[in-house]
Amino acid sequence: MIIKRFVWAVISLFMFGTVFAAVLERPQWKDICPAGFEDAVYNDVQWYWPESTKTTQTIYNYWAKRRVDFENSLVECDFMLPAFKETCYENLKSKQVLDNELYNNRVQHKIISGQMWKDSRKMSNPIMINILTR
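Let me begin by describing the structure that accompanies this report. Not measured: the values here are computed from a predicted model. (Residues numbered from 1 in each chain as written. Predicted model: local features only at pLDDT ≥ 70, side-chain atom pairs only at ≥ 80, totals over all residues. Heavy atoms only, no water.)

Focus on the pattern of salt bridges
The line we're drawing: What counts as a salt bridge is simple: a side-chain nitrogen of Lys or Arg found within 4 Å of a carboxyl oxygen of Asp or Glu. The helix and strand labels rest on DSSP assignments: H or I over at least four residues marks a helix, E over at least two residues marks a strand, and numbering proceeds from the N terminus. To sort residues, take the accessible area from a 1.4 Å probe on protein chains only and compare it with the maximum for the residue type: under 20% means buried, over 50% means exposed, and anything in between is partly exposed.
Applying the stated criterion to the full structure yields five salt bridges. A salt bridge links Glu 90 to Lys 93; the nearest nitrogen and oxygen atoms lie 3.9 Å apart. Within this pair, Glu 90 and its partner Lys 93 are both found in helix 3 (residues 82–123), separated by three residues, close to a single helical turn. Exposure remark for Glu 90: the relative accessible area of 42% places this residue in the partly exposed category. Its salt-bridge partner being Lys 95, residue Asp 99 comes within 2.7 Å of it at the nearest N-O pair. Placement of both Asp 99 and Lys 95 in helix 3 is noted, with a separation of four residues, approximately one turn of the helix.

Pasting the structure below:
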C-alpha cells in the first residue's frame, strides 16, 4: 500500500512537473525573428554607403531594436510571480507575432507601391515615338 502511494506520488509529481515546465516555457528570440536576424547588430547608416548596403543595414537595425525590446520585456516577465509569469510570456509572444505581421504588411505594401511607381513611370515616359506617318 505504501509502495503504491509512493509510485502514484512520483508519477503525479512527474506529470505536474512536466506540465508546469511546459506552461512556463520562456520565449526565445530565435523562434520569433526571421532566420538570419537572430544576432542582428545595430549600426548607424552612413551617407556614403551604396543604397543596397543602406537598405540591408536598415533591416538589420530594425531587428536589432526589436531584439533589445524583446529581451527587456522578457526580463520584466522573469521578475514576476509564477502566477503572472505565464500570462506575461503569452502576451509577449502574441505582441511579437502581431509586430511580425505588421512588419510583413509594411514590406509588402512597400514592394507593391514601388512596383506601381515603376509601372506608372513606364506609361508616362516623355519620349514618344510616332509610329504612324502622315
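Things to note about the environment of Tyr 89
Among the secondary structure elements, Tyr 89 is positioned in helix 3. A relative accessible area of 3% places Tyr 89 in the buried class. For the pair formed by Tyr 89 and Ser 73, sequence separation is 16 residues and the distance between their alpha carbons is 9.0 Å.

Considering the nonpolar core
Condition: Here, the term nonpolar core denotes a set of buried Ala, Val, Leu, Ile, Met, Phe, Trp, Tyr and Cys residues that are joined through side-chain atoms within 4.5 Å. Residue contacts are defined here by distance: any two heavy atoms, one from each residue, within 4.5 Å place the two residues in contact.
Counting 14 residues, the largest nonpolar core has Trp 29, Trp 63, Phe 70 and Leu 74 as its most contacted members. Those elements that provide at least two residues to this core are helix 2 (51–78) and helix 3. Ranked by residue count, the leading element in this core is helix 2, at five residues. With residues near it in sequence (within four places) discarded, Phe 70 still touches Pro 27, Gln 28, Trp 29, Ile 32, Leu 92 and Gln 96.

A closer look at the layout of surface pockets
For clarity, the threshold we go by: Site definitions follow a grid-based scheme: protein atoms alone, a 1 Å grid, a 1.4 Å probe that fits but cannot get out for cavities, and for pockets an open set with protein on both sides within 12 Å along at least five of seven lines, plus lining residues having an atom within 4 Å of a point. Grid points are joined across faces, edges and corners, and a volume is the space filled by probe spheres set on the points. When residue character is reported, Ala, Val, Leu, Ile, Met, Phe, Trp, Tyr, Cys and Pro are called nonpolar, Asp, Glu, Lys and Arg charged, and the others, Gly included, polar.
The space that makes up the largest pocket amounts to roughly 330 Å³. If you trace the largest pocket, you find it lined by Thr 55, Thr 58, Ile 59, Tyr 62, Tyr 103, Arg 106, Val 107, Lys 110 and Ile 111. Those elements giving two or more residues to the lining of the largest pocket turn out to be helix 2 and helix 3. Per element, the largest residue contribution to the lining of the largest pocket is five residues, and it comes from helix 3. Considered class by class, the residues forming the lining of the largest pocket number five nonpolar, two polar and two charged.

Section: helix 2
Note the following rule: One less than the number of residues in a helix, times 1.5 Å, gives the span that helix is expected to have.
Counted at 1.5 Å a residue, the expected span for helix 2 with its 28 residues is 40 Å, and the 41 Å between its end C-alpha atoms agrees. Within helix 2, the full set of buried residues consists of Lys 54, Gln 57, Asn 61, Trp 63, Ala 64, Arg 66, Arg 67, Phe 70, Leu 74 and Cys 77.

Description of the side chain of Lys 54
What counts here: For this analysis, a polar contact is any N or O atom pair within 3.5 Å, provided that within protein one partner can donate a hydrogen and the other can accept it, and provided that sequence-adjacent residues contribute only side-chain to side-chain pairs.
Locating Lys 54 in the fold gives a position in helix 2. A residue is classified by how much of its surface remains accessible, and Lys 54, at 18% relative accessible area, is buried. Separated by 3.1 Å, the side chain of Lys 54 and the backbone oxygen of Trp 47 make a polar contact. Among residues more than four places away in sequence, those in contact with Lys 54 are Val 45, Gln 46, Trp 47 and Trp 49.

What about the environment of Asn 61?
Note on placement: Asn 61 falls in helix 2. According to the relative accessible area criterion, Asn 61 is buried, its value standing at 7%. A C-alpha to C-alpha distance of 9.0 Å links Asn 61 and Val 45, two positions 16 residues apart in sequence. If we skip the residues at most four places from it in the chain, Asn 61 touches Val 41, Tyr 42, Asn 43 and Val 45.

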